[in-house]
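Residue strings, one per chain:
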Amino acid sequence: MNIVIVGPGAVGSLWACKLHQAGHSVSLWGTQTSQQWKLAIDDLPETVFAYNQQQDLINADLLLVTVKAWQVKAALTPLLRDISKDAILLFMHNGMGAVDEIAELISAYPTVIATTTHGALKTCAHHVKHTGVGQTQLGAYNSKGEQCTFLVDVFNHALPSVSWNPDIQHALWNKLAINCAINPLTAIHQCLNGTLAEERFRPTLNAIIGELVAVMKSEQIPVEQNQLITTVNNVIQATSTNKSSMHQDIFYHRQTEIDFITGYLVRKAQQHNINVPTNIELYKQIKLLEQNGKHHD
Ligand code: KPL
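Numbers given to residues run from 1 along each chain, matching the order in which its sequence is written. For this predicted model, a pLDDT threshold of at least 70 governs which residues receive local features, and a threshold of 80 or more governs which side-chain atom pairs are given and counted, while totals over whole chains, interfaces and linings are taken from all residues. With hydrogens and water excluded, all non-hydrogen atoms of the structure serve as input to the side-chain values.

### What about the nonpolar core?
In this text, buried Ala, Val, Leu, Ile, Met, Phe, Trp, Tyr and Cys residues form a nonpolar core when linked through side-chain atoms within 4.5 Å. Whether a residue is buried, partly exposed or exposed follows from its accessible area with a 1.4 Å probe, protein chains only, as a fraction of its type maximum: under 20%, in between, or over 50%, in that order. Counting 64 residues, the largest nonpolar core has Leu63, Leu76, Phe91, Ile106 and Trp173 as the members making the most contacts within it. Looking at this core, you find at least three residues from each of domain 1 (2-165) and domain 2 (169-292). Counting residues in hydrophobic clusters, the runner-up holds 31 residues, among them Val26, Leu39, Phe49 and Leu159. Residue ranges for the domains trace back to a domain assignment, done automatically or taken from a database.

### Digging into the site of the ligand
Whether a residue is near a molecule or strand is decided by its heavy atoms; if any one of them lies within 4 Å of it, the residue is near. Taken together, the neighbourhood of the ligand is formed by Asn94, Lys175, Asn179, Ile182, Asn183, Asn193, Val235, Asn242, Ser244 and Ser245. Pairs of N or O atoms are called polar contacts if they sit within 3.5 Å, as long as, within protein, a hydrogen donor faces a hydrogen acceptor (for residues adjacent in sequence, only side-chain-to-side-chain pairs). The separation between an oxygen atom of the ligand and a polar side-chain atom of lysine 175 is 3.4 Å. One of the side-chain nitrogen or oxygen atoms of asparagine 183 is found 3.1 Å away from an oxygen atom of the ligand. In the complex, the protein chains occlude 85% of the 280 Å² of accessible area that the ligand would expose alone. Across the shell around the ligand, the residue classes break down as 2 nonpolar, 7 polar and 1 charged. Accessible areas in this description were obtained via Shrake-Rupley with a 1.4 Å probe; residue shielding takes into account the shown protein chains only. Note that Gly is not counted as nonpolar here; it falls among the polar residues with everything else outside the nonpolar set of Ala, Val, Leu, Ile, Met, Phe, Trp, Tyr, Cys and Pro and the charged set of Asp, Glu, Lys and Arg.

### A word on the UniProt feature "domain: Ketopantoate reductase C-terminal" (unreviewed entry) in the protein chain
Per the UniProt record, "domain: Ketopantoate reductase C-terminal" (unreviewed entry) is annotated on residues 167-289. Starting at the N terminus, helices and strands are each numbered in turn, a helix being any DSSP run of H or I of at least four residues and a strand any DSSP run of E of at least two. In residues 167-289, the share of helix is 67% and the share of strand is 0%. The end C-alpha atoms are 35 Å apart. UniProt positions are given in the numbering used here, feature names are shortened, and annotations may be inferred rather than shown by experiment.

### Observations regarding helix α5 (residues 168-189)
Helices are assigned an expected span. That span is 1.5 Å times one less than the residue count. With 22 residues, α5 extends 32 Å from end C-alpha to end C-alpha; this agrees with the ideal 32 Å at 1.5 Å per step. The sharpest bend along α5 reaches about 30° and sits at asparagine 179. Extensive coverage of α5 is indicated by the burial of 16 of its 22 residues. At the exit of α5 stands glutamine 190, carrying a positive phi of roughly 45°. Bend, in this description, refers to the angle at a residue between axes fitted to the seven residues ending there and the seven starting there.

### Some points on the pattern of salt bridges
Take a side-chain nitrogen of Lys or Arg and a carboxyl oxygen of Asp or Glu: if they are within 4 Å of each other, that pair is a salt bridge. For the structure on display, the rule yields 5 salt bridges. In this structure, aspartate 249 and lysine 68 form a salt bridge, with 3.5 Å as the shortest nitrogen-oxygen distance. Pair noted here: aspartate 249 is in helix α8 (residues 245-251) and lysine 68 is in the loop between β5 (62-65) and α3 (72-76), with a separation of 181 residues, a long-range link. Residue aspartate 249 is classed as buried on the basis of its relative accessible area of 1%. Among the salt bridges present, the one from glutamate 198 reaches arginine 200, with a minimum N-O distance of 2.8 Å. Judged by relative accessible area, arginine 200 falls into the exposed class, the value being 55%.

### Details of unusual backbone geometry
Residue serine 161 follows proline 160 across a cis peptide bond; omega there is 0°. One non-glycine residue, asparagine 52, lies in positive phi territory at about 55°. By secondary structure assignment, the location of asparagine 52 is in the loop between β4 (47-51) and α2 (54-59).

In C-alpha cells:
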C-alpha cells in the first residue's frame, strides 16, 4: 500500500519502520522542512523515507494520522485537498473527541480509529525504540470505515497483534478511563506511574473511577466499577517505571492531551448532568500547570 504517516513521533515512527519492513511504500508528513527523513528502529540500520512529498499524498491509499489529539484538526485539514476520496484515514492517538471535531470535514473518507498499547520512545529525531510489545485494535469510525477490516491483515503483518473491534468506542473508553486515572495525577505529582499504587492515592483514584463509571454507563459502555479498579491497578503495576505522557508534557512545558482525556469525560458528564468534581478539579490543576509553563510546541 502507499502509506503516509502524518506526525512521525514515537508511535508514528514505530509504524513507519514496521510497515516499511513489511514491504509497503511509506512516506512521512510532518513539520520539518526537509524532503527526506532518516529513521532507524532499535538496532537496525536507518531507512531514508520521503518527507512532505505532495505526490505521495496524492497517491496515498492510507493516511495513518499519529499526531496528538489536539493537533489532529490543524494537521489534517490542509492535507485533505490533495488526497483521494478513496484514501483511508486511520487515526491513532490518546484521548477521545479529536476526530469528532472534524467529522463533517472527513465524512467522505473511509475512516478508522485505532488504539494501541505498544510502547515507543523517540531517543532522538532519527531513532525510535520499541519499548513494549502491545496490542492494537482497529474499528470503523464511519460506515465507509466498516469496509476496511482488511487493514487487520496489513497491520498484523507489520506489527502484531492487531484485531478488529466492532465496538471500538468501548475500547477507546476503557483506554480513556486508564488515562483519566493515571495521567493527571502523575503529571501533578511528577511521579512515576507505579507511585500511584501507594495507599495515599487510593481515595482519589477510587473517586476518579467512580465518576468514570457513572459517565460510561450513561454512554452505554458496559463497565463494572471493581473491574475498572482492577484494570487501572494492573496498568499501574505493568507501567510502574513509566513516566506518563502527561507527566512528561508538563515537565517539558508542552501542551498536554487533557482536553481530550479528562476534558472529554467532563464534557460528556455535563451532557448527562452527572457530577464529576474530582475529575473537574484535576482538569483545572492541569490547565493551571499548562498555563504556568511555556509551551514549546
Ligand atoms: O497511556 C499511557 C500514557 O502515559 O499516556 C499510560 C497507559 C498511562 C502509560 O504511561
